[in-house]
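Below, each chain spelled out in residue letters.
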Amino acid sequence: MADSEKIRLVQTLILNDLDEVLLVKWDDGPNKGRYTGCLGEVGDGESDEASAVTVVQQLVGLELQADRLKKVAGFDFVEDGDDDCHEVEFVYRASRTEATKSRRDTDVKARWFKIDEIPYSSMPADDAIWYPLVLRENYFLSGTFRFVEDRLLDFQVQDAHTGSVVCRSSGSDK
């Protein structure tokens, strides 16, 4: 699939000054019953940053300032051999005042988790790999995650600035 045909997604991890991250639990769709950051498609003609602001506002009602988003990663997701999704990841640091203004009338359940209590077992498999790197380290990451159905087959994540491999599965040596 050509890059222009790939589904483009944005995911924003919102951190507050209590060292907590806001995750949403999905009621339907491919992530039904699982937690992720605020995740959604990039709108037609919209920048990644503008889409991140829109997605967060629609999901949890927080009004983010685009200039405070920090782009931390860009990943390709390959499902059953089709390179069909590119996801750009952001981290946003919110003050305690901003963080308490979230809406409660949305289709997802939003919840704050301490960073060391993130429920990785209730999340997509790739999140346990890259979340710790961007929440505790100062990386800008790129990489590829290969799935069959919902099972992670292999992955490789590198520092996008240096190209050095940060982590990979044993199946990524091919």
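Residues numbered from 1 in each chain as written. Predicted model: local features only at pLDDT ≥ 70, side-chain atom pairs only at ≥ 80, totals over all residues. Heavy atoms only, no water.

Student: Hey, could you run me through the overall build of the protein chain in this one?
Tutor: Scanning the protein chain from N- to C-terminus turns up three helices and 10 strands. Its helices and strands in sequence order give the protein chain the pattern β-β-β-β-α-β-β-α-β-α-β-β-β, from N to C terminus. Evaluated residue by residue, the protein chain yields a buried proportion of 47% over its 174 residues. Pairs at least 24 residues apart make up 59% of the contacts formed inside the protein chain by residues separated by at least 6 positions. (Helix = DSSP H or I, 4+ residues; strand = E, 2+ residues; numbered from the N terminus. Buried < 20%, exposed > 50% of the residue type's maximum accessible area, 1.4 Å probe, protein only. Contact = heavy atoms within 4.5 Å.)

Student: Teacher, can you tell me more about the pairing of strand 1 (residues 7-15) here?
Tutor: A large share of strand 1 lies buried, amounting to seven of its nine residues. Relative to strand 4 (residues 38-41), strand 1 runs antiparallel, the two being bridged by four bridges. Bridge pairing links Gln11 to Leu39 in strand 4. By the bridge criterion, two bridges tie strand 1 to strand 2 (residues 20-25) in an arrangement that is antiparallel. Opposite Ile14, over in strand 2, you have Leu22 as the bridge partner. (Pairing = 2+ DSSP bridges.)

Student: Help me out: how do you make sense of helix 1 (residues 48-60) in this one?
Tutor: Between its first and last C-alpha, helix 1 extends 18 Å over 13 residues, near the 18 Å set by a 1.5 Å rise per residue. Among the residues of helix 1, those classed as buried are Asp48, Ser51, Ala52, Val53, Val55, Val56, Leu59 and Val60. Of the residues one or two after helix 1, Gly61 is the one with positive phi, at around 80 degrees. (Expected span 1.5 Å × (residues − 1).)

Student: Looking at this structure, how should I read unusual backbone geometry?
Tutor: Negative phi values dominate among residues other than glycine, just as trans dominates among peptide bonds. Even without a glycine there, the phi angle at Asp19 is positive, about 60 degrees. Counting through the fold element by element, Asp19 comes out in the loop between strand 1 and strand 2.

Student: What is the right way to look at the nonpolar core in this model?
Tutor: One recurring pattern in soluble globular proteins: nonpolar side chains tend to sit buried together. Ranked by internal contacts, the top residues of the largest apolar core, which has 49 residues, are Leu13, Ile14, Leu23 and Phe145. Beyond its immediate stretch of four places on either side in the chain, Phe145 contacts Phe75, Asp76, Phe77, Val78, Asp126, Ile129, Trp130, Leu152, Asp154, Phe155 and Val157. (Core = buried A, V, L, I, M, F, W, Y, C linked by side-chain atoms within 4.5 Å.)

Student: Just checking my understanding: could you explain the packing of aromatic side chains for this structure?
Tutor: For any two aromatic rings, the description comes down to two numbers: the centre-to-centre distance and the angle of the planes. For the coordinates displayed, the defined rule picks out nine aromatic pairs. When the centroid spacing of 5.6 Å and the interplanar angle of 50 degrees are considered together, the rings of Phe75 and Trp130 count as tilted. Separated by 55 residues along the polypeptide, Phe75 in strand 5 (residues 69-79) and Trp130 in helix 3 (residues 127-136) bring together distant segments of the chain. Between Tyr120 and Tyr131, the aromatic rings sit 6.2 Å apart at their centres with planes inclined by 80 degrees, giving edge-to-face as the arrangement. Placement of the pair is Tyr120 in the loop between strand 7 (109-114) and helix 3 and Tyr131 in helix 3, with a sequence separation of 11 residues. Under the relative-accessibility criterion, Tyr120 is labelled partly exposed at 26%. According to the relative accessible area criterion, Tyr131 is buried, its value standing at 0%. Here the aromatic cluster, defined as three or more aromatic residues joined through ring pairs, consists of Phe75, Phe77, Tyr120, Trp130, Tyr131, Phe145, Phe147 and Phe155. (Phe/Tyr/Trp six-rings, centres within 6.5 Å; stacked < 30°, edge-to-face > 60°.)

Student: Would you explain the environment of Leu13 in this entry?
Tutor: Mapped onto the fold, Leu13 is located in strand 1. Residue class for Leu13 comes out buried when judged on its relative accessible area of 0%. With 24 residues separating them in the primary sequence, Leu13 and Gly37 have C-alpha atoms 5.1 Å apart. Residues in contact with Leu13, not counting those within four places in the same chain, are Val21, Leu23, Gly37, Phe90, Val91, Tyr92, Trp130, Tyr131, Val134 and Leu135.

Student: How should I be thinking about the side chain of Asn16 in this particular structure?
Tutor: In this structure, Asn16 sits in the loop between strand 1 and strand 2. Side-chain polar atoms of Asn16 contact the side chain of Glu20, separated by 2.7 Å. (Polar contact = N/O pair within 3.5 Å; in protein donor to acceptor, adjacent residues only side chain to side chain.)

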